[in-house]
Amino acid sequence: MISNQELADLIFKDVTDSIDDLEKRYPPRQLPEGAEVTRFAPSPTGFLHTGSLFTSMICKKVADQSNGVFYLRLEDTDTKREIQGSKFELLKQLQTFGVVPQEGYLGDKEVGNYGPYVQSQRAEIYKVAIKHLIAIGKAYPCFCSQEELNEIRQNQEAHKIMPGYYGQFAKYRFLTNEERVKLIKEGKPFVIRFKSSGSHLRKIRVKDLIRGEFDIAQNDQDIVIYKSDGLPTYHFAHVVDDHFMRTTTVIRGEEWIASLPIHVELFEAMGWQTPKYAHLPVIMKLDENGHKRKLSKRLDKEAAVSFFLEDGYLPNSLIMYLMTIANSNFEEWIFQHHFQNMEDFRFSFDKVSLEGALFDIGKLNFFSKELLALMNKCEISEAAYEYAKQYCPELKQLIERDKNYFMDIMNIEREKENPRKDYYRFSDLASSISFFYDDLYRKTLDEEPLPFNSKFNKGTIIEVLGDLKDKLPYDNVDEQTWFAALKDIALEHKFAPNNKTLKANPEQYIGLVADVAEMLRITITTRKNSPNLFYVLQVIGKERSNKRIEQVILLLQK
Ligand code: GLU
């Protein structure tokens with residue numbers, strides 16, 4: 001009779017290491033009590049999903065706040081699905097968002113004693129584990145062809161039985177080792193399947209750090225753990241890795257809950273302790289009809305983190321915003337801490353709300369405005385320039401015309417107690433500051449009508465503008481004095497200082513001081529809305545401002 005050990009030796013002739021050897025090579029980590037080892041385990045199959053950034057941010061936070069380790073493992077055993085270059089892109093994007101792993105696959109290098117951290121380079125390790133499972137009778141070679149598998153499935157469908165390769169349907173689990181060896185020697189292709197001892201009619205109790213304990217049907221599928229290409233499947237590979245990389249807590253999306261019974265059974269079959277689990281809620285959004293649905297790679301631009309980078313959001317504002325989704329108490333905390341950094345915030349699994357993972361771009365914009373308002377003129381100008389170099393040639397060109405001038409523009413109502421919160425992303429910047437540049441200002445003047453209030457006739461506007469040009473002070477003047485001068489000019493032209501006065505004597509006035517300020521604003525900026533007009537005039541300067549007034553008067557006279 002051929003023993004399981006002999007079968008294992010035949011299949012993995014060259015594998016001489018044992019599980020004990022691996023235990024010695026990858027010993028338990030020497031970490032302080034309570035330290036968590038977490039991992040982000042992406043597959044290189046495309047862009048970094050916003051949900052993956054959410055997961056990895058939490059993995060890092062949990063490791064950091066417990067003096068543990070956050071590492072990155074690349075799960076690339078599904079070679080057919082790999083997209084060239086995506087692993088580098090993924091890492092670059094994580095770095096941009098400050099979610100930098102301490103250990104693992106880091107793109108151009110690997111760091112740490114528990115590697116290799118790329119699954120396709122760990123084939124020898126998995127073979128040791130699979131050989132062990134065969135030797136203890138918990139795995140077997142399966143020679144089922146595609147046709148046979150189809151036949152099994154059709155048979156199950158016809159009888160309305162649960163589909164899959166399990167129990168009596170797992171035809172190759174019943175071969176004797178003699179039969180197996182014979183087929184192997186004949187060169188018949190095979191995979192290795194796990195020999196499940198579960199039943200989907202029985203339940204196991206699992207514990208999740210977010211959901212607490214719950215019961216879930218056991219696994220009964222004899223899943224493939226080793227493919228004919230010499231690599232294991234994800235389910236098996238990650239169990240081996242989480243064990244030998246000494247992961248303490250597996251943090252991942254809730255879509256993995258359904259596979260948890262398989263994972264738990266695999267850990268048990270190997271005789272290993274399962275890690276703790278935390279399955280994070282999937283990020284949802286409200287659709288046009290107000291219904292919640294998952295952020296979709298296909299439908300939603302905000303599903304890919306690249307969208308936020310291309311749109312010029314500060315990476316940190318997305319991270320902070322994601323933390324508000326992660327922990328309901330974070331928002332209050334970050335307000336109290338004046339949007340400074342969130343390092344001291346303590347994340348807790350108890351406060352992850354399962355319903356609340358709703359992506360709201362309006363709230364992200366709010367966070368972004370707060371963070372941009374905190375920057376000084378140099379910081380914001382530098383950040384805008386970095387963005388422009390990568391994503392916006394138009395803005396880059398404007399900045400490079402005169403960096404100091406650009407900085408003056410960015411400094412309007414900044415660096416004060418209540419800075420103005422104008423911007424939330426850099427992709428709007430080129431168009432929102434275009435009027436500061438004379439050629440672009442002129443272009444708008446030529447192409448678009450100025451939005452003057454039709455209440456006032458051209459003659460009045462021309463007279464008012466003429467006076468503003470001659471009388472408004474520029475040098476060594478503060479905002480109040482400047483405004484007082486504007487008000488005087490307005491009064492001379494019969495514009496009331498306020499609504500009350502206007503209402504009391506409507507026949508004496510033709511409008512309000514505010515109307516005069518608007519005329520000037522439109523003249524100087526071509527728009528009804530702009531940053532504080534006094535500072536805009538200071539940045540543009542007397543000479544150029546007066547030239548603009550002249551140009552508009554000429555235009556009105558036509
Ligand atoms: N490689 C899996 C993925 O792409 C990781 C699942 C896990 O974290 O266990 O989502």
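Predicted model, so just to flag it, every value in this text is computed and none were measured.

Undergrad: Would you mind showing me how to read the site of the ligand here?
TA: The immediate surroundings of the ligand are formed by Arg-39, Ala-41, Ser-43, Glu-75, Tyr-234, His-238, Arg-252 and Trp-256. Here an oxygen atom of the ligand sits 2.7 Å away from a polar atom, N or O, in the side chain of Arg-39. Arg-252 places a polar side-chain atom, nitrogen or oxygen, 3.0 Å from an oxygen atom of the ligand. Burial of the ligand by the surrounding chains reaches 81%, relative to a free accessible area of 300 Å². Among the detected pockets, the ligand sits in the largest pocket. Grouping the constituent residues of the shell around the ligand by class yields three nonpolar, two polar and three charged.

Undergrad: It is not clear to me how the sheet that holds strand S6 (residues 191-194) should be interpreted in this structure. Could you clarify?
TA: Across the sheet, three strands lie side by side as S5-S6-S9; this open sheet has antiparallel pairing. The open sheet has two free edges, formed respectively by strand S5 (139-142) and strand S9 (224-226), since each of these has just one partner strand. Shown here is a sheet whose adjacent strand axes are inclined to one another by a mean of 45°, direction ignored.

Undergrad: Sorry if this is basic, but what is going on with unusual backbone geometry here?
TA: The omega torsion across Gly-115 and Pro-116 is 0°, close enough to zero to call that bond cis. Relative to the assigned elements, Pro-116 resides in the loop between strand S4 (110-111) and helix H5 (123-135). Notably, His-338 is not glycine yet its phi reads approximately 50°, a positive angle. Tracing the backbone through its elements, the reader meets His-338 in the loop between helix H12 (330-336) and helix H13 (361-374). Residue His-338 is classed as exposed on the basis of its relative accessible area, which comes to 56%.

Undergrad: Would you mind showing me how to read the pairing of strand S10 (residues 249-253) here?
TA: Looking along a regular strand, one sees the side chains alternate between the two faces of the sheet. Counting buried residues in S10 gives five out of five residues, a clear majority hidden from the surface. In this structure, S10 lies alongside strand S11 (residues 276-280), joined through five bridges in parallel fashion. Counted as the bridge partner of Arg-252 is His-279 from S11. Once the chain exits S10 it traverses helix H9 (residues 260-270) before rejoining the sheet at S11, and the crossover so formed is right-handed.

Undergrad: What is the right way to look at the layout of surface pockets in this model?
TA: The method is simple in principle: a probe with the dimensions of a water molecule rolls over the atoms, and the space it marks as empty is what remains. Here the largest pocket is characterised by a volume of approximately 1,200 Å³. For the largest pocket, the lining is made up of 38 residues, of which Ser-43, Thr-45, Ser-52, Glu-255 and Trp-256 are closest to its centre. When residues of the lining of the largest pocket are traced back to their parent elements, those giving at least two are strand S1 (37-40), helix H3 (50-65) and S10. In terms of residue count, the dominant contributor to the lining of the largest pocket is H3 (four residues). Residues belonging to the lining of the largest pocket are distributed by class as follows: 15 nonpolar, twelve polar and eleven charged.

Undergrad: Please explain the packing of aromatic side chains as it appears in this structure.
TA: Aromatic rings in a pair are described by how distant their centres are and how their planes are angled relative to each other. Per the stated rule, a full pass over the model turns up 32 aromatic pairs. Here the aromatic residues Phe-307, Phe-308, Tyr-313, Tyr-321, Phe-335, Phe-339, Phe-359, Phe-366, Phe-367 and Tyr-424 are joined through ring pairs into a cluster of three or more.

Undergrad: When you look at the sheet that holds strand S2 (residues 69-72) in this model, what are you seeing that I'm missing?
TA: Overall, mixed pairing links the four strands, which are arranged S1-S2-S3-S4 in an open sheet. For this open sheet the edge positions go to S1 and S4, each flanked by a neighbour on one side alone. Across the face of the sheet, H3 comes into contact with S1 and S2 while running at roughly 160° to S1. Contacting S1, S2 and strand S3 (103-105), helix H4 (residues 86-96) crosses the sheet at an angle of about 145° to S3.

Undergrad: Help me understand the packing of helix H22 (residues 513-525) against helix H23 (residues 533-540) in this model?
TA: Angle between the axes and distance between the axes are the two parameters that describe a pair of packed helices. Running from N to C, H22 and H23 cross one another at 35°; their axes reach a closest spacing of 11 Å. Between H22 and H23 lies a crossing whose hand is left-handed. Residue-level inspection shows Ala-517, Leu-520, Arg-521, Ile-524 and Thr-525 of H22 in contact with H23, the latter providing Leu-533, Val-536, Leu-537 and Ile-540. Partitioning the contact of H22 with H23 into residue classes produces seven nonpolar, one polar and one charged.

Undergrad: Just to check I follow, could you spell out H5 for this structure?
TA: Every α-helix winds through 3.6 residues per turn, so residues three or four apart in the chain are directed the same way. With 13 residues, H5 should reach 18 Å at 1.5 Å per residue; the first-to-last C-alpha distance of 18 Å fits that figure. Judged by how many residues are buried, H5 sits mostly within the fold: eleven of 13 residues are covered. All of the buried residues along H5 are Ala-123, Ile-125, Tyr-126, Lys-127, Val-128, Ala-129, Ile-130, Lys-131, Leu-133, Ile-134 and Ala-135. Positive phi appears at Gly-137, one or two residues downstream of H5, with a value of about 75°.

Undergrad: What's the story with the environment of Ala-123 in this structure? I'm lost.
TA: Checked against the element boundaries, Ala-123 lands in helix H5. You can call Ala-123 buried: its relative accessible area is 15%. Separated by 114 residues in sequence, Ala-123 and Ala-237 have C-alpha atoms that sit 9.1 Å apart. If near-sequence neighbours (up to four positions away) are discounted, Ala-123 is found in contact with Gly-230 and Leu-231.

Undergrad: Can you walk me through the packing of helix H14 (residues 377-391) against helix H16 (residues 403-410) in this structure?
TA: The interhelical angle for the contact between H14 and H16, taken along N-to-C directions, is 115°, at an axis separation of 9 Å. Pair H14 / H16 crosses with right-handed handedness. Two secondary-structure elements touch here, H14 through Lys-377, Cys-378, Ile-380, Ser-381, Ala-384 and Tyr-385 and H16 through Lys-403, Phe-406, Met-407 and Met-410. A per-class count over the contact of H14 with H16 returns seven nonpolar, one polar and two charged.

About the thresholds
Residues numbered from 1 in each chain as written. Predicted model: local features only at pLDDT ≥ 70, side-chain atom pairs only at ≥ 80, totals over all residues. Heavy atoms only, no water. Near = heavy atom within 4 Å. Polar contact = N/O pair within 3.5 Å; in protein donor to acceptor, adjacent residues only side chain to side chain. Areas by Shrake-Rupley, 256 points an atom, 1.4 Å probe, with all protein chains shown as cover. 1 Å grid on protein atoms, 1.4 Å probe; cavity = no way out; pocket = protein on both sides within 12 Å on 5 of 7 lines; lining within 4 Å. Sits in = over half its atoms within 2 Å of the grid points. Nonpolar A, V, L, I, M, F, W, Y, C, P; charged D, E, K, R; others polar. Pairing = 2+ DSSP bridges. Helix = DSSP H or I, 4+ residues; strand = E, 2+ residues; numbered from the N terminus. Axes fitted to C-alpha atoms, helices over the stretch in contact; angles between N-to-C directions. Buried < 20%, exposed > 50% of the residue type's maximum accessible area, 1.4 Å probe, protein only. Right-handed = clockwise from strand over helix to strand, strands pointing away. Points joined across faces, edges and corners; volume = space filled by probe spheres on them. Phe/Tyr/Trp six-rings, centres within 6.5 Å; stacked < 30°, edge-to-face > 60°. Contact = heavy atoms within 4.5 Å. Left-handed = near helix turned anticlockwise from the far one by under 90°. Expected span 1.5 Å × (residues − 1).

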